[in-house]
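Single-letter residue listing:
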Amino acid sequence: MRDTGLFWETGINSESSMIKGTDESGGLENIADAVEALHNERRKDPLRVCVRHSLDIYFQSMGGHEPKELYELVLSEVERPLLEVVMEHSRGNITKAAEMLGINRGTLRKKLKKYDLD
């Protein structure tokens, strides 16, 4: 397996820095089209790039305050959707889901309970 990372539905494409589609006044012709275009440009970034970008935004929004329990925050933001998708793909089969995740069934049950996914 090549080190390409997991690809995510959203993220930042570091090669693109602006949205095209302005009218004569310099404003966006259609905000919805612009947002969709930006979303489509970002689709191909690895998950790690998306996480890094989200963390950059998070720190910028902190206004100089130091975050608390950042590790747990990031893990929970990634772990919950991971568990949701794996459980969907395994059709609720805990044994199969645990195998897909590379963890034991007991650990998976604890994680599912933590996020009220049981």
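Quick note: structure is the one above.
Residues numbered from 1 in each chain as written. Predicted model: local features only at pLDDT ≥ 70, side-chain atom pairs only at ≥ 80, totals over all residues. Heavy atoms only, no water.

*Asks:* Tell me about the nonpolar core, and name the residues and values.
*Replies:* Core analysis: the largest hydrophobic core is formed by 8 residues, namely Leu83, Val86, Met87, Ala97, Ala98, Leu108, Leu112 and Tyr115. Breaking this core down by element, the ones donating at least two residues are helix 3 (70–89), helix 4 (94–101) and helix 5 (105–114). If you tally residues by element for this core, the top one is helix 3, at 3 residues. In this structure Leu108 touches Leu83, Met87, Ile94, Ala97, Ala98, Leu101 and Ile103, once residues within four positions along its chain are discounted. (Core = buried A, V, L, I, M, F, W, Y, C linked by side-chain atoms within 4.5 Å. Buried < 20%, exposed > 50% of the residue type's maximum accessible area, 1.4 Å probe, protein only. Helix = DSSP H or I, 4+ residues; strand = E, 2+ residues; numbered from the N terminus. Contact = heavy atoms within 4.5 Å.)

*Asks:* I'd like to hear about the packing of helix 2 (residues 47–61) against helix 3, residue by residue, with values.
*Replies:* For the pair helix 2 and helix 3, the least separation of the axes is 12 Å and the interaxial angle reads 135°. One way to sum up the angle between helix 2 and helix 3 is to call them oblique. Seen along the crossing, helix 2 lies across helix 3 with a hand that is right-handed. Contact residues: helix 2 offers Val51, Leu55, Tyr58 and Phe59, while helix 3 offers Leu70, Leu73 and Val74. Each residue belonging to the contact of helix 2 with helix 3 can be placed in one class, and the counts come to 7 nonpolar, no polar and no charged. (Axes fitted to C-alpha atoms, helices over the stretch in contact; angles between N-to-C directions. Parallel < 35°, antiparallel > 145°, perpendicular 65-115°, else oblique. Left-handed = near helix turned anticlockwise from the far one by under 90°. Nonpolar A, V, L, I, M, F, W, Y, C, P; charged D, E, K, R; others polar.)

*Asks:* So what about helix 5? Which residues, and what values?
*Replies:* The residue sitting at the N-terminus of helix 5 and contributing the capping side-chain oxygen is Asn104; that oxygen lies 3.0 Å from the backbone nitrogen of Gly106. Backbone geometry just after helix 5 places Asp116 at a positive phi near 55°. (Polar contact = N/O pair within 3.5 Å; in protein donor to acceptor, adjacent residues only side chain to side chain.)

*Asks:* Can you lay out helix 4 for me, pointing to particular residues and giving the numbers?
*Replies:* Near the N-terminus of helix 4, the side chain that reaches the backbone nitrogen of Thr95, with its oxygen 3.0 Å away, is that of Asn93. Positive backbone phi, at 75°, marks Gly102, one or two positions downstream of helix 4.

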